[in-house]
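Listed below, chain by chain, are the residues.
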8 protein chains.
Amino acid sequence: MELNEILEGVRDHTLSLEEAQRFIQGYSEYGYAKLDSDRERRSGFPEVVFCSRKSLDHLVNIYEGLYLEKGEVLGTRATEEQYEAVKKKLSRVTYDPLSRIMKIEKDKPHIGKIAICTAGTADIPVAEEAAQTAEFFGSLVSRHYDVGVSGIHRLMSKIEDIQSANCIVAVAGMEGALASVIGGLVKNPVIAVPTSVGYGANFGGLSALLTMINSCANGIATVNIDNGYGAGYLATQINRLAAGSVT
Amino acid sequence: MELNEILEGVRDHTLSLEEAQRFIQGYSEYGYAKLDSDRERRSGFPEVVFCSRKSLDHLVNIYEGLYLEKGEVLGTRATEEQYEAVKKKLSRVTYDPLSRIMKIEKDKPHIGKIAICTAGTADIPVAEEAAQTAEFFGSLVSRHYDVGVSGIHRLMSKIEDIQSANCIVAVAGMEGALASVIGGLVKNPVIAVPTSVGYGANFGGLSALLTMINSCANGIATVNIDNGYGAGYLATQINRLAAGSVT
Amino acid sequence: MELNEILEGVRDHTLSLEEAQRFIQGYSEYGYAKLDSDRERRSGFPEVVFCSRKSLDHLVNIYEGLYLEKGEVLGTRATEEQYEAVKKKLSRVTYDPLSRIMKIEKDKPHIGKIAICTAGTADIPVAEEAAQTAEFFGSLVSRHYDVGVSGIHRLMSKIEDIQSANCIVAVAGMEGALASVIGGLVKNPVIAVPTSVGYGANFGGLSALLTMINSCANGIATVNIDNGYGAGYLATQINRLAAGSVT
Amino acid sequence: MELNEILEGVRDHTLSLEEAQRFIQGYSEYGYAKLDSDRERRSGFPEVVFCSRKSLDHLVNIYEGLYLEKGEVLGTRATEEQYEAVKKKLSRVTYDPLSRIMKIEKDKPHIGKIAICTAGTADIPVAEEAAQTAEFFGSLVSRHYDVGVSGIHRLMSKIEDIQSANCIVAVAGMEGALASVIGGLVKNPVIAVPTSVGYGANFGGLSALLTMINSCANGIATVNIDNGYGAGYLATQINRLAAGSVT
Amino acid sequence: MELNEILEGVRDHTLSLEEAQRFIQGYSEYGYAKLDSDRERRSGFPEVVFCSRKSLDHLVNIYEGLYLEKGEVLGTRATEEQYEAVKKKLSRVTYDPLSRIMKIEKDKPHIGKIAICTAGTADIPVAEEAAQTAEFFGSLVSRHYDVGVSGIHRLMSKIEDIQSANCIVAVAGMEGALASVIGGLVKNPVIAVPTSVGYGANFGGLSALLTMINSCANGIATVNIDNGYGAGYLATQINRLAAGSVT
Amino acid sequence: MELNEILEGVRDHTLSLEEAQRFIQGYSEYGYAKLDSDRERRSGFPEVVFCSRKSLDHLVNIYEGLYLEKGEVLGTRATEEQYEAVKKKLSRVTYDPLSRIMKIEKDKPHIGKIAICTAGTADIPVAEEAAQTAEFFGSLVSRHYDVGVSGIHRLMSKIEDIQSANCIVAVAGMEGALASVIGGLVKNPVIAVPTSVGYGANFGGLSALLTMINSCANGIATVNIDNGYGAGYLATQINRLAAGSVT
Amino acid sequence: MELNEILEGVRDHTLSLEEAQRFIQGYSEYGYAKLDSDRERRSGFPEVVFCSRKSLDHLVNIYEGLYLEKGEVLGTRATEEQYEAVKKKLSRVTYDPLSRIMKIEKDKPHIGKIAICTAGTADIPVAEEAAQTAEFFGSLVSRHYDVGVSGIHRLMSKIEDIQSANCIVAVAGMEGALASVIGGLVKNPVIAVPTSVGYGANFGGLSALLTMINSCANGIATVNIDNGYGAGYLATQINRLAAGSVT
Amino acid sequence: MELNEILEGVRDHTLSLEEAQRFIQGYSEYGYAKLDSDRERRSGFPEVVFCSRKSLDHLVNIYEGLYLEKGEVLGTRATEEQYEAVKKKLSRVTYDPLSRIMKIEKDKPHIGKIAICTAGTADIPVAEEAAQTAEFFGSLVSRHYDVGVSGIHRLMSKIEDIQSANCIVAVAGMEGALASVIGGLVKNPVIAVPTSVGYGANFGGLSALLTMINSCANGIATVNIDNGYGAGYLATQINRLAAGSVT
């Protein structure tokens, strides 16, 4: 909405003063939070809720606010208890305990292709956070789980599908070598996600992070440890560019 | 070249046994190195020479071999002394002491747009490695140097050009906050490059690396400290996808 | 109290031997603790109780002793259980579960201005520890929460109020870039407080700490991770100097 | 200069187009650098040159530009060679090899008081960077060197002068305990500067940095390792507030 | 017992085969442990039990075995639950929840003097582990708690007693500066014990450890974080040497 | 099974399509996992189950699948709860709470000799993981527990048995010196296993890991912290080579 | 030589007192060094000289002593200057600047097979230290250089030779993924050697070390960064066991 | 000198005003340094010069001042160049390039016994700094070099002399296991000195430091990496106590 439209709305009483203020400021003031209502204009993506550590009543308010505005909401790192609280107000909300994603989602087409690969089964929760984030944002996702380098024929049996994706998300803990091997086999960007899976000298994912940052293969960039959401977001940015759909 | 073509070439004496072996193996055996001649087919990018620590005679041989095959060569982290040695054999080679890139480059069109930003002037060598790599691979590059967050109006005066790029490379040392600020202002992916610029508790770039990995903004992925080449490569992958030119 | 006054008090039986000893030594001996009764003379601030790990009976004794002496007490990092125990003896005590501050506070004027800003909502507990500490010590506090750099227009909409403060406290976790951006926009000192908010490679707040220590902006100094109390104390020192009220 | 004044200047040919652009943008474009000409308005301090790694011709240009504009220039981390180059163009420039400060300075009054203390003699270069920076910005500085805690009577013999300062800068390497001890003895803020002085497990100053960040004393904030400049700047901000001279 | 005495004992049936084997081997074989019965001969100190992680039945067996042999037993890092289990078999055992020491102790004279100082009250559990260990081994202990450097007059009021000790144990968390200050004021060795007391960038005691290892004062050596037992042992070695009682 | 055998089996209906696919691909597809059925051919060892973090139903399925195929299964890092779940389906399964190994094991001969030594009793769980793994894979194991360097006569009393082993596994936490001492006394390879046993500056086993990696003795290689399984596997590889039984 | 033989030699004047002492003590006393003449009996390997930091005259003496005793000497980490000094006394000595090995070597048969692989060309110096060490100790070595995972077909083209080795040494810097990939493809032990090759967040080889320690593949153990010698030694121990030649 | 004596000296003109001030303050003011003339009274040891980074003229002045006062001077970490400068003024000064100690020393008796042991030959410079410091302070020193644990019979052949010392200094780099092994064999305190000897994951001595701090043996305390001086000082404190010579 352009500035003159907002001011006309105020003059003509079609827009409340609060809404006008929110449009001009670019955020909704909740006291404990300033929800960035301008984000979608700037970035092409709506505000997403990072549920971790949020109190139940704050979270319910935020979900209600975003749902009213957009008709859908995506939240990450939600707990079972948070889900119960939100569900009381918004019965359409769903929760996946594996990825910890809590969302209300509209039907939408899924475009392009993102391949999401994990080294092991313990990396799947992070991969699902990436996959469901990408799908929420309208990407088509192809999953390949447990294709780590200790049995490399498993990866090779899927490599053609992986090579055909616009962007590949490589999720791995322990030593995180999967990203380098995929990076050497594909044309398109690889988003590497280190996970905290492992023990001992993995130092909570630092080992996999350093592996990915130091990769000898080209075309790899790394996000934070266990940051499936960030990978799904970035992969969607790239997938949209490839599919010609950036607004 | 397909396998039957290679074998026909051998049969008809149009292909030497050494060349046939190289095509089938996918690499040229130099004893001390196995140049990956299959790389361009797999990745869409030719082999690039990481000159650091390579002996002079090895480097000259590699440049000659790649030049004969492709008509152009890109090398990074080259020294003045290496340049002198290569120049004796390949007079067309050029060297830029700022970026430390040594190359022979064919004329080519530059497509799409990549914006490359630095926080300070000391980050420019890394930015130029990124920029010249991206240009070698056919990307159009827009440079914005010294736009760090301590005087944020400098960044704001250039923000529209930055927002119009298919991919942004944010190069910063010290505390590396530039990537987060840009990430909050653009639609397309940001490749963050931490640099070793700084002193004291920057720990050779670790501080900027952690900043970028932990960024609160979306759409940011990070490459190794001072890895301008990697950023230029990855930005080109994304730029090609956006420009619809992936082969 | 000067030495000759103390000795006269002892001679005239207006001062007990224990009290005289305490004045001369400058501390009250509790066996398990030596409360620094000389602190207010040296520093202009009374002793504050760091409640963490203190046993219930020790804590109750300390609160009683300080309350008798000063008529008010400030404690940080208190638990609900500690509050219940102290409340039985001192019914006027109050407890704020967000900041974990437990206090008895006299009415007092609030002078000058300190601006306290957070990057996100999860940083608010640390910010409130700073804010309520500063208020207890007599500073006027202006709060600006959730103004992190991923949506920088939120900060900009508040910048004039922030610029008018004598001291700014910037509280941020994850990559901690907020301090640098504010530092570039204000005249007066910025106290940077890294928080442990985040996950993965934030390493419990180390990432934000390094960001703040390496800031490219001038006029920034850093306190310990999650140390809202220390920031509120230091900001008050500066605010008092600016308001001309150092005793 | 206000916008309408600038535009009038352009109309009346009293202001060149380049100067007008610089005023409106708030920086001077040098290609390799964007000197922040708006800084003094925002922060009350002029741009200072961080000479480290700057090429000779860039540095000479920057010194000339700043000298023309302000009549004085402050630069830190300069080398003997840089001094020789600048001196050829600006004969008034002076260089102190201890602090590595290269400057042209106008006469000015020095107000308030900042006390600068070092633990040992090897910390003096960092302390001098702080002291001369503060003096350049108009502060009165009182120096107390080699007053480390291994012979605490040396500190005690100077404590009254230290207590009378508006701000204390505590410079220490090795274990950095000086800041805590001073912090326990004064009313006003202590800026702690860890230095890289020491060996073995000092890890280039990390040991002193952690000591200062974890100080048990109140009223201490820390800047980067060896960052005398930052301490002098921040101490001046506080000193100006105390002296009532913030513009 | 000399070898020929042992063999005579076996020949004369005054020594069982198991006991003879234990004397010759120098340890008692428990399967899950080899108790070092030769230790007292080599070191002048009996075997001490590190209770942490030991199962209840193993612990009871070990306490019984050592009690039978020596008539007293010292154990560290014991839990309430372990105490309950041992008490059922050995009713004389005592347990101190503060130091977590569980012991049966004979009456003995206490010689020499060891001064044990803490920076704060939260360091007392570690100090008590040191103090009770030293007392068990026959040292006289003088305790000075809560004498940290943020109020240095508290330390100064006790300094003569501290200077008169044969060995000083300095226990401190947070920044650990106490050891350096004491080291500058005494003639005899200082054993520095870093503790995990603190938060944020104390990294579980690493900060205090680095402070103590890098101390600018002479005559300081450091033991592991929270290792009160090790400090009490070493202080006793020194105290015995000073008191002329090494056997 | 060779490819032509597989195809004949399909043609003759003696092999289901699923089984044929599994043989050709080299893994069994479970959706959430790809069990590497080709592993035994490549490595000489069957797939082993890392039970940690696996859900109960996934684990039961995997145990059933592997048991049907091989008649025995080895799993590590199992919990009591996982054991209860598997036992319901596979009554022959056994569980050892010390090593956390859950297995069904066929009778088999044990060949060669591996010596497994620990520094203390707290290292035994890791040592038992190594020992039982090696025994499952057919190695003869000789155990020497609690032979750490603080009482070196305990190690010396067992040294001849240790020297006679084909491979020695040295398991130690705290400072991990045991590996170096054994390394200096034997002919055959030493596999060093750092454990997380200790406290304070052991940093979860990092201290012992660095000790072992930096060992001054020859013939030592190191596995991950607490990785008894990896040591037992590698020791068996060496033991098989020595016993001439590699298939 | 048995003790009674030594004593007979002394009695019969066929053995000097110095030699007898050396045999009984098991080392030769040089004042600044105690050469371990008993090592070969204990370990099956002679003493090897670590030349780094040794003074020229000490080194010459040590080479002479070892050459006289054994007729051959192996030294690692030698410099050109050390070689010149030793050559003056021992003309048969040879020096390889790539591996920095300086040796005098007898003819000997080479048994079994060790495969030594590198990820890149910059890893070759470390690999050659391993290879020449193994050859000096009598192993047959098969070299495969520049087979890193960014072009995995290069490794695959050599995999059969690698699989046929008794032990594989995997040498890699940067992210060090090579060891995991090889580990998944072979039956026999893999010795992983991290190298300091790389830059930025490789932290001098720490990145590759963590990768190898955390490897998801079985049968891998790791030696110190750049420790080619240690890998060659350990690989020879294993190769000798496999070839049945342990003395 | 007592206060009344000083004042009498001033009154009677036998003491200059400068000297009186120095006695009362307890230090000599050099501007760039405050030499601690009270140290010997407090600690029993004179001021020692840490030469590292001191300028030539400062160093010469300090040596002259201390020599005039005491008739002897001890300096550590001196360079050849510093020695040349001091020698011009003080011809009696001597310099040992191995230990880097520069001193003028009076004849004195050497009492008690300190044993100084090194793991390897490369640790000798640090050991000599310890040994010569202890000798300067009047201790008798017994040296045992190159007795590291990879050939433990070398240590065992000297163990009786080591056991008879009042204090043992154990100097070791790489993995630093020597301290633990000695600690298990002796009655008296062990001062552990980690050295920076080694490479790769020794991290400049951190590995040995952690080993020593985490030692499983009792009676060990640790000083800074390469801090031979500190070990010699502390060992002398203990040796004096044992010999009954503390003044």
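Rules used in this analysis
Residues numbered from 1 in each chain as written. Chains lettered and ligands numbered in written order. Predicted model: local features only at pLDDT ≥ 70, side-chain atom pairs only at ≥ 80, totals over all residues. Heavy atoms only, no water. Salt bridge = Lys/Arg side-chain N within 4 Å of Asp/Glu carboxyl O. Contact = heavy atoms within 4.5 Å. Buried area = accessible area lost by both parts, 1.4 Å probe. Polar contact = N/O pair within 3.5 Å; in protein donor to acceptor, adjacent residues only side chain to side chain. Helix = DSSP H or I, 4+ residues; strand = E, 2+ residues; numbered from the N terminus. Nonpolar A, V, L, I, M, F, W, Y, C, P; charged D, E, K, R; others polar. Domains from an automatic or database assignment. Pairing = 2+ DSSP bridges. Axes fitted to C-alpha atoms, helices over the stretch in contact; angles between N-to-C directions. Right-handed = clockwise from strand over helix to strand, strands pointing away.

A. How the structure looks around the pattern of salt bridges. Going through the model one piece at a time under the given rule, you end up with 133 salt bridges over all chains. Notably, a salt bridge pairs E47(F) with R39(F), separated by 3.3 Å at the nearest N-O pair. Where salt bridges share partners, they join D36(A), D38(A), R39(A), R41(A), R42(A) and E47(A) into one cluster.

B. Spatial organisation of the interface of chain H and chain D. Taken together, the 23 residues of chain H in the interface contact 18 residues of chain D. Summed over both sides, the interface of chain H with chain D buries roughly 1500 Å², with 52% coming from carbon and sulfur. It is Y27(H), K34(H) and R53(H) in chain H that bury the most area against chain D; as a group they hold 34% of the surface buried on that side. The tally of links from chain H across to chain D stands at 0 salt bridges. Taken together, chain H and chain D are joined by 10 residue pairs in polar contact (both at pLDDT 80 or more). Secondary structure elements with two or more residues in the side of chain H that touches chain D: α3 (39-43) and α10 (206-213) of chain H.

C. Just the arrangement of the chains, in detail. The two partners chain D and chain G share no contact, and the minimum distance between any of their C-alpha atoms is 14 Å. Separated throughout, chain A and chain H approach each other most closely at a C-alpha pair spaced 13 Å apart.

D. Broad picture of the interface of chain B and chain A. Facing the 31 residues of chain B at the interface are 31 residues of chain A. Our count for the chain B to chain A interface comes out at 0 salt bridges. Here chain B is connected to chain A by 11 residue pairs in polar contact (both at pLDDT 80 or more). Elements that contribute at least two residues to the side of chain B that touches chain A include exactly α3 (39-43), α10 (206-213), β11 (220-222) and α11 (228-243) of chain B. Here the side of chain B that touches chain A takes 7 residues from α11(B), the largest share from any one element. Tallied by class, residues from the side of chain B that touches chain A come to 15 nonpolar, 12 polar and 4 charged.

E. Spatial organisation of the domain arrangement of chain A. All names here are of chain A. In terms of domains, chain A is made up of domain 1 (31-104) and domain 2 (111-243). Taking only C-alpha atoms, the centre of domain 1 and the centre of domain 2 are 25 Å apart. Opposite the 16 residues of domain 1 that make contact, domain 2 presents 15 residues. Summed over both sides, the interface of domain 1 with domain 2 buries roughly 1400 Å², with 65% coming from carbon and sulfur. At the junction of domain 1 with domain 2, the criterion picks out 1 salt bridge. When the shortest N-O distance is used, the salt bridge between E129 and R77 registers 3.1 Å. Mapped by element, the contributors of at least two residues to the side of domain 1 that touches domain 2 are β4 (73-76) and β6 (101-104). When the residues that make up the side of domain 1 that touches domain 2 are grouped by side-chain class, the tally is 8 nonpolar, 4 polar and 4 charged.

F. Molecular detail of the sheet that holds strand β3 (residues 49-50) of chain B. All names here are of chain B. Read across the open sheet, the 4 strands follow the order β3-β4-β6-β5; overall the sheet is mixed. Two strands close off the open sheet at either side, each with one partner strand: β3 and β5 (94-96). When β3 meets strand β4 (residues 73-76), the two strands line up parallel, connected through 2 bridges. Residue pairing across strands places F50 opposite T76, the latter belonging to β4. Lying over the sheet, helix α6 (residues 124-136) contacts β4, β5 and β6 (101-104), oriented at roughly 15 degrees with respect to β6.

G. Quick peek at the pairing of strand β8 (residues 139-144) of chain E. All names here are of chain E. Direction of pairing for strand β7 (residues 111-118) relative to β8: parallel, over a ladder of 5 bridges. Note that in β8 the partner of I111 across the bridge is S139. Handedness of the crossover joining β7 and β8 through helix α6 (residues 124-136) is recorded here as right-handed.

H. Structural detail: the sheet that holds strand β6 (residues 101-104) of chain F. Residues and elements named next belong to chain F. Reading across the sheet, the 4 strands line up as β3-β4-β6-β5 and stay open at both edges, with mixed pairing between neighbours. Edge positions in the sheet fall to β3 (49-50) and β5 (94-96), since each of these pairs with one other strand and no more. As judged from the 3 bridges shared by strand β4 (residues 73-76) and β6, these two strands associate in the antiparallel manner. Of the residues in β6, the one forming a bridge with G75 is M102. Packed on one face of the sheet, helix α6 (residues 124-136) meets β4, β5 and β6 and runs near 15 degrees to β6.

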